[in-house]
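# Understanding the architecture of this molecule
Residues per chain are reported as follows:
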Amino acid sequence: MPVRVIDVRSVRRRRLLLRIDGDASVYIYRKVEELIRRISARMLEKGEESLGLLYGSFVETEGREITLVTYAEQLPSKGSSHHVSVDYLSDFHSDTPQSFQVVGWFHSHTGAGNFMSETDIGTHMRWFGQRSVSLIYEAVEGTLKAYTVVDGKVKELLMSKM
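All figures in this text were calculated on a predicted structure; none of them were measured in a lab. (Residues numbered from 1 in each chain as written. Predicted model: local features only at pLDDT ≥ 70, side-chain atom pairs only at ≥ 80, totals over all residues. Heavy atoms only, no water.)

## A closer look at the overall build of the protein chain
If you tally the helices and strands in the protein chain, you get four helices and 11 strands. Counting the 162 residues in the protein chain, one finds 45% classified as buried. Across the protein chain, the fraction of contacts at a sequence separation of at least 24, relative to all contacts at a separation of at least 6, is 65%. (Helix = DSSP H or I, 4+ residues; strand = E, 2+ residues; numbered from the N terminus. Buried < 20%, exposed > 50% of the residue type's maximum accessible area, 1.4 Å probe, protein only. Contact = heavy atoms within 4.5 Å.)

## Section: the pattern of salt bridges
Where charged atoms from two side chains of opposite charge come close, those side chains can pair. Taken as a whole and judged by the stated rule, the model has one salt bridge. Two residues, R37 and E33, come together in a salt bridge whose shortest N-O distance is 2.6 Å. In this pair, R37 and E33 are both assigned in helix α2 (residues 30-45), four residues apart and thus about one turn of the helix distant. A relative accessible area of 7% places E33 in the buried class. (Salt bridge = Lys/Arg side-chain N within 4 Å of Asp/Glu carboxyl O.)

## Regarding α2
The end-to-end C-alpha distance of α2 is 23 Å, a good match for the 22 Å that 16 residues give at a rise of 1.5 Å each. Within α2 the residues assigned to the buried category are V32, E33, I36, I39, S40 and M43. Taken end-on, α2 shows its buried residues confined to a sector of 135 degrees, consistent with a single buried face. For α2, the exposed residues lying more than 90 degrees away from the buried face are R38 and E45. (Expected span 1.5 Å × (residues − 1). Arc of directions from axis to C-beta.)

## Overview of the packing of aromatic side chains
Applying the stated rule across the entire model yields two aromatic pairs. Ring centres 5.9 Å apart and planes at 35 degrees place the aromatic pair Y55 and Y71 in the tilted group. In this pair, Y55 sits in strand β4 (residues 51-61) while Y71 sits in strand β5 (residues 64-74), placing the two residues 16 residues apart along the sequence. Owing to a relative accessible area of 36%, Y71 belongs among the partly exposed residues under this scheme. Centre to centre, the rings of W105 and F128 are 5.9 Å apart; their planes meet at 5 degrees, and the pair counts as stacked. Here the residue W105 occupies a position in strand β8 (residues 101-109), and F128 occupies one in the loop between α4 (118-127) and β9 (133-138), the gap between them amounting to 23 residues. Residue class for W105 comes out buried when judged on its relative accessible area of 3%. The exposure class of F128 is buried, given its relative accessible area of 8%. Here the guanidinium or amino end of R131 rests over the ring plane of F58, the centre of that ring lying 3.9 Å away. (Phe/Tyr/Trp six-rings, centres within 6.5 Å; stacked < 30°, edge-to-face > 60°. Lys NZ or Arg CZ within 6 Å of the ring centre and 35° of its normal.)

## Observations regarding the confidence of the model for the protein chain
When pLDDT is averaged along the protein chain, the result is 75; 67% of the residues meet or exceed 70. Here residues 80-86 scores under 50 on pLDDT; set against residues more than four positions off or in separate chains, the count is 25 contacts. In this model residues 88-93 is a low-confidence stretch, pLDDT under 50, and it forms 12 contacts with partners more than four residues away in sequence or in other chains. (pLDDT = per-residue confidence, 0-100.)

## Remarks on the pairing of β9
Across the six residues of β9, six count as buried, placing the element largely inside the fold. Taking every second residue as pointing to the same face, both faces of β9 are buried, with V133, L135 and Y137 on one and S134, I136 and E138 on the other. Pairing of β8 with β9, which is carried by six bridges, proceeds in the parallel orientation. Its bridge partner lying in β9, W105 is registered against S134. Running through α4, the crossover from β8 to the neighbouring parallel element β9 is right-handed. Looking at chain direction, β9 and strand β10 (residues 143-150) are connected through five bridges and run antiparallel. Looking at β10, one finds that Y137 is bridged to L144. In this structure, the hairpin formed by β9 and β10 is closed by a connection of four residues, where G142 is found at a positive phi of approximately 75 degrees. (Pairing = 2+ DSSP bridges. Right-handed = clockwise from strand over helix to strand, strands pointing away.)

If you want it as structure tokens, here you go:
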């Protein structure tokens with residue numbers, strides 16, 4: 001899919017909550033963060049981790065690329081308090097509506113801390129590209145962090161409120 005060019009001021013006017021700076025900047029709609037928190041809290045009550053896809057677009061503005069996350073969707077999954085899996089992630093990638101582009105994924109941890117585990121790194125490298133973002137919500141701590149994996153190494157993307 002070709003990269004669209006947008007004016008960063010128009011992004012700010014869309015009431016975005018989070019700005020994540022790193023090699024790639026990520027802008028996330030407030031509703032996406034709230035949805036991930038609700039899904040993860042519901043799954044924590046069941047003693048399970050959550051898992052889902054992030055949709056939006058990769059855009060170039062002012063000579064740099066940003067990731068714009070506009071929607072999240074929980075995937076049907078099987079899990080426990082320390083593991084979550086989905087049988088056929090490729091099916092979900094192929095079923096993505098044309099108006100959406102998968103820009104990453106989210107999942108929760110349930111008390112183990114907010115980090116990318118070896119399993120998380122493998123999932124990111126297998127199903128998502130270096131431009132993609134991984135949002136992890138630590139449901140017990142209530143922390144949301146963003147990561148990417150570049151050349152097999154985890155890079156945490158810093159967040160600040162807008």
